[in-house]
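For reference, the chains in residue letters:
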Amino acid sequence: MKNEKEKVIEWIKKYFEENGKNCKAVVGISGGTDSSVVTALCVAALGRENVIGVLMPKGVQHDIDYSKKLVEFLKIKHYEVNVEKPVNDLKELISQQIGVNPDEFDAYKTNQPARIRMAVLYGVSAIIGGRVANTCNLSEDFVGYSTKFGDAAGDFSPISDFTKTEVRKLGAELGLPEMFLKKVPEDGMSGKSDEEKLGFSYEVLDEYIRTGNISDLRIKEKIDYLHKINLHKILPMPSYKKGEK
């Protein structure tokens, strides 16, 4: 993983040299492993002065201290934009036109805040001259556990070829404290962990992705089904590929 770390750092440098010279990396900071690792990679590649973190709580975020501690640890400039009002305002506008509460529909309630957060990132990026980082990993992409035009969007994707397990190892190589690497993955909106929502653990999923081995055939069928129906969520963007030179 040490070699992969160096390769990803060089890949980010090259991406900005060719696609955003003198631009800054803009990263949505959740305090979770993925955004922490992507931010640390960008700092290593571009210098902390060229990385902007954006914290986007929706109302009161119970674990926002993780986000604040990350930007403090990496010593990067950051902004905090609470998305509760735009989320609620948009919901009200749509409700007035359609005559129903959009939050009664899980596809809306789950995905719309993520899309508003991405709009915030691109808003900041347009003002400061930046490139938005996609923070999705291979495990999430494999089963479509992301929001199209939400967290699945971005200008460049440093960790999309790494499983969740590998992202944690990458973070350790970058010297991130364990609190960011062992934080229970969650979407910050449903009140449930990723693994509770998916119905299987990342450990099982990652083993299946890398080796094809899985003991529970019921879970195998579920993973295969999710992989098949959600491939359309993966948006084309420059992405680091493991092992590339």
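Small disclaimer: the values here were computed from a predicted structure and weren't measured.

Analysis parameters
- Residues numbered from 1 in each chain as written.
- Predicted model: local features only at pLDDT ≥ 70, side-chain atom pairs only at ≥ 80, totals over all residues.
- Heavy atoms only, no water.
- Helix = DSSP H or I, 4+ residues; strand = E, 2+ residues; numbered from the N terminus.
- Buried < 20%, exposed > 50% of the residue type's maximum accessible area, 1.4 Å probe, protein only.
- Axes fitted to C-alpha atoms, helices over the stretch in contact; angles between N-to-C directions.
- Parallel < 35°, antiparallel > 145°, perpendicular 65-115°, else oblique.
- Contact = heavy atoms within 4.5 Å.
- Nonpolar A, V, L, I, M, F, W, Y, C, P; charged D, E, K, R; others polar.
- Phe/Tyr/Trp six-rings, centres within 6.5 Å; stacked < 30°, edge-to-face > 60°.
- Lys NZ or Arg CZ within 6 Å of the ring centre and 35° of its normal.

Colleague: Help me understand unusual backbone geometry in this model?
Modeller: Negative phi is the rule for most residues except glycine; trans is the rule for most peptide bonds. With a phi angle near 70°, Asn22 is a residue other than glycine that sits in the positive phi range. Its location among the elements puts Asn22 in the loop between helix 1 (2-19) and strand 1 (24-29). Located in the positive-phi region is Phe149, a residue other than glycine, with phi close to 65°. Among the secondary structure elements, Phe149 is positioned in the loop between helix 6 (138-143) and helix 7 (164-173). Residue class for Phe149 comes out exposed when judged on its relative accessible area of 52%.

Colleague: Hey, could you run me through the packing of helix 10 (residues 202-211) against helix 11 (residues 217-229) in this one?
Modeller: Describing two packed helices takes the angle between their axes plus the distance from one axis to the other. Interhelical geometry of helix 10 versus helix 11 gives an angle of 70° and a closest axis separation of 11 Å. With respect to each other, helix 10 and helix 11 are oriented roughly perpendicular. Listed contacts from helix 11 to Val204, Leu205 and Tyr208 of helix 10 are Ile219, Lys220, Ile223 and Asp224. Broken down by class, the residue content of the contact of helix 10 with helix 11 amounts to five nonpolar, no polar and two charged.

Colleague: Could you clarify how one ought to interpret the packing of aromatic side chains in this entry?
Modeller: The geometry of two aromatic rings is summed up by the distance between their centres and the angle between their planes. This structure, assessed with the given rule, holds six aromatic pairs. Residues Tyr15 and Phe156 carry aromatic rings whose centres are separated by 5.1 Å and whose planes lie at 25° to one another, so their mutual orientation is stacked. Here Tyr15 is found in helix 1, whereas its partner Phe156 is found in the loop between helix 6 and helix 7, with 141 residues between them in sequence. With respect to burial, Tyr15 and Phe156 carry one shared label: buried. Here Phe16 and Phe156 contribute two aromatic rings whose centre-to-centre distance is 5.2 Å and whose plane-to-plane angle is 80°, an arrangement assigned as edge-to-face. With a gap of 140 residues between them, Phe16 in helix 1 and Phe156 in the loop between helix 6 and helix 7 connect regions that are remote in the sequence. The pair Phe16 / Phe156 is uniform in exposure class, with both members buried. In textbook terms, an aromatic cluster arises when at least three aromatic residues are bridged by ring pairs, as seen for Trp11, Tyr15, Phe16, Phe156, Phe162 and Tyr240. The ring of Tyr202 carries Lys164 above its face, with NZ or CZ at 5.3 Å from the centroid.

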